[in-house]
Amino acid sequence: MRTRSLLVAVLLLLLAGPARGADKELAHDDGERSGKQSAAGTGHVVSFERPRGRWWLTGVRIHGARYGGGYDPATTTFRVSLCDANLREIVGATAPYRLFASGRFEWVDVPFHRVALVPESFSVVASFDPASTRGVFVGYSDTEEAHSGYGLPGGTAKPAEAGRAWMIRPILAKKPPRDAVRVVELAHDDGQRIDKRSLGGSAHVVEFKKPSGTWWIESVRIFGQPYGGGYDPEATPFTVTITDKRGKPLHTTRATYALFPRGPFRWADVLLEEPLK
């Protein structure tokens, strides 16, 4: 008999970890830049297969150069995301443009202070939100197996031009850095939606069991889609409540329908006002 599970996930934080193990760098590029590309309105996506065993993403290396002017590279930021095979973000890091030299291509390391275990198939997405006068060129090399594309977390990836491999490399470690925040997502669903349900006068409830150790709940991730009309999504609220095993409320966060844009079903993160232990 097939069972149904709500597509709801809880993100947990562990604020201390063991010492870091040896790093492994994955790459599809050959290290020789044959061109450059800025991706307006989208991001650079590179897909990978995890090596055997348990690995944590601790950083990403990007071969790039900053361009343009009239902006402050110290306050203009970009984001690098670890995503699953469906381009759903697992964890991400935000960094300033100033990491990249202006007009000079270099390898830049983007460290992840929030780290997560890498799934068997995963993607790394670098999104710079570029414009004609501001952005970062990402280098690419010519290879037969590029595994590269365009896209943003929560969307769909489109293949890059044939043979074009973005020079973006994830850094993996057997153990996370001692000062890193480990992020774990709890879920009962398999990530594939088979139906949908709205509950008038009731609520969707999912029970979870905490892993061993001391963890903080950071956010709740919901796969949903808005419907109807005649209301302001920015002013229409919903609530997410964390309870104990007896149903006693421990924390309630209010969010608005605006978290779910019009269009297809997508994952939305409801951030707690502060992590809940």
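Criteria and cut-off values
- Residues numbered from 1 in each chain as written.
- Predicted model: local features only at pLDDT ≥ 70, side-chain atom pairs only at ≥ 80, totals over all residues.
- Heavy atoms only, no water.
- Helix = DSSP H or I, 4+ residues; strand = E, 2+ residues; numbered from the N terminus.
- Rg over C-alpha atoms; globule rule 2.2 N^0.38 Å.
- Contact = heavy atoms within 4.5 Å.
- Areas by Shrake-Rupley, 256 points an atom, 1.4 Å probe, with all protein chains shown as cover.
- Lys, Arg positive; Asp, Glu negative; His and termini not counted.
- Charge placed at Lys NZ, Arg CZ, Asp CG, Glu CD.
- Pairing = 2+ DSSP bridges.
- Salt bridge = Lys/Arg side-chain N within 4 Å of Asp/Glu carboxyl O.
- Buried < 20%, exposed > 50% of the residue type's maximum accessible area, 1.4 Å probe, protein only.
- pLDDT = per-residue confidence, 0-100.
- Phe/Tyr/Trp six-rings, centres within 6.5 Å; stacked < 30°, edge-to-face > 60°.
- Lys NZ or Arg CZ within 6 Å of the ring centre and 35° of its normal.
- Core = buried A, V, L, I, M, F, W, Y, C linked by side-chain atoms within 4.5 Å.

A tally of regular secondary structure across the chain gives zero helices and 19 strands. Computed over the C-alpha atoms, the radius of gyration of the chain is 20 Å, within 12% of the 19 Å expected from 2.2 N^0.38 for a compact globule of 277 residues. C-alpha extents for the chain along the principal axes are approximately 60 × 50 × 40 Å. Across the chain, every contact between residues at least 6 apart in sequence was considered, and the portion connecting residues at least 24 apart equals 78%. In the structure as shown, the chain presents an accessible area of about 15400 Å², 49% of it carried by carbon and sulfur atoms. Positive and negative side-chain charges of the chain, numbering 37 and 30 respectively, have mean locations separated by a distance of 6 Å.

Hydrogen bonds along the backbone pair up the strands of a sheet, which may run parallel or antiparallel. Within the open sheet, the six strands sit side by side as β7-β6-β9-β4-β11-β12. Their pairing is antiparallel. For this open sheet the edge positions go to β7 (89-96) and β12 (158-159), each flanked by a neighbour on one side alone. Pairing analysis gives six bridges linking strand β4 (residues 44-49) to strand β9 (residues 121-127), with the strands arranged antiparallel. Counterpart to Val46 in the pairing with β9 is Val124.

Let's shift gears to the pattern of salt bridges. For side chains of opposite charge, pairing can occur when their charged atoms come near one another. Applying the stated criterion to the full structure yields 14 salt bridges. Asp29 is the salt-bridge partner of Arg169, the closest N and O atoms lying 2.6 Å from each other. Within this pair, whereas Arg169 is found in strand β14 (residues 168-173), its partner Asp29 is found in the loop between β2 (23-25) and β3 (35-37), the two being separated by 140 residues in sequence. Note on accessibility: Arg169 and Asp29 belong to one class, buried. When salt bridges that share partners are traced, they join Glu25, Asp29, Arg61, Asp109 and Arg169 into one network.

Here we come to the confidence of the model for the chain. Should the pLDDT be low somewhere, the predicted coordinates at that spot are not to be read in detail. On average, residues of the chain score 89 in pLDDT, and 92% of them reach the 70 mark or higher. The model gives residues 16-21 a pLDDT under 50, and that stretch makes 21 contacts with residues more than four places away or in other chains.

What follows concerns unusual backbone geometry. For Leu87, which is not a glycine, the phi torsion comes out positive at approximately 70°. As for its placement among the helices and strands, Leu87 is situated in the loop between β6 (77-84) and β7. Owing to a relative accessible area of 4%, Leu87 belongs among the buried residues under this scheme. We note that Asp129 has phi near 45°; this positive angle belongs to a residue other than glycine. Examined against the element boundaries, Asp129 turns out to sit in the loop between β9 and β10 (134-142).

The next subject is the packing of aromatic side chains. Summed over all chains, the structure comprises 15 aromatic pairs. Pairing Tyr97 with Phe128 gives two aromatic rings, centres 6.3 Å apart and planes at 80°, and the pair type is edge-to-face. Remark: Phe128 occurs in the loop between β9 and β10 and Tyr97 occurs in the loop between β7 and β8 (106-117); sequence separation between them is 31 residues. Residues Tyr97 and Phe128 agree in their burial class; the two are buried. Here the aromatic residues Tyr71, Phe78, Tyr97, Phe100 and Phe128 are joined through ring pairs into a cluster of three or more. If you follow Lys36 out to its NZ or CZ, it ends over the ring of Phe137, 4.5 Å from the centre. For the cation-ring pair, Arg164 lies above Tyr140, with the distance from its terminal atom to the ring centre recorded as 4.0 Å.

Core analysis: the largest hydrophobic core is formed by 39 residues, its most contacted members being Ile62, Val80, Phe128 and Ile168. Elements represented by at least two residues in this core include exactly β4, β5 (56-68), β6, β7, β8, β9, β10 and β14. For this core, the leading source of residues is β8, giving five residues. When residues no more than four places from it in sequence are discounted, the contact partners of Val80 are Val60, Ile62, Val91, Gly92, Ala93, Val110, Phe112, Val124, Val125 and Ala126. Counting residues in each nonpolar core, the second largest holds twelve residues, with Ile217, Phe238, Val240 and Val270 among its members.

Let us now look at the pairing of β4. Remember that side chains alternate between the two faces of the sheet whenever the strand is regular. One ladder, built from three bridges, connects β4 with strand β11 (residues 148-150); its direction is antiparallel. Looking across to β11, one finds that His44 is bridged to Tyr150.

Looking at where Thr143 falls in the secondary structure, it is placed in the loop between β10 and β11. Judged by its relative accessible area of 16%, Thr143 is buried. Those residues in contact with Thr143, other than ones at most four positions away along the chain, are His28, Asp29, Asp30, Gly163 and Ala165.

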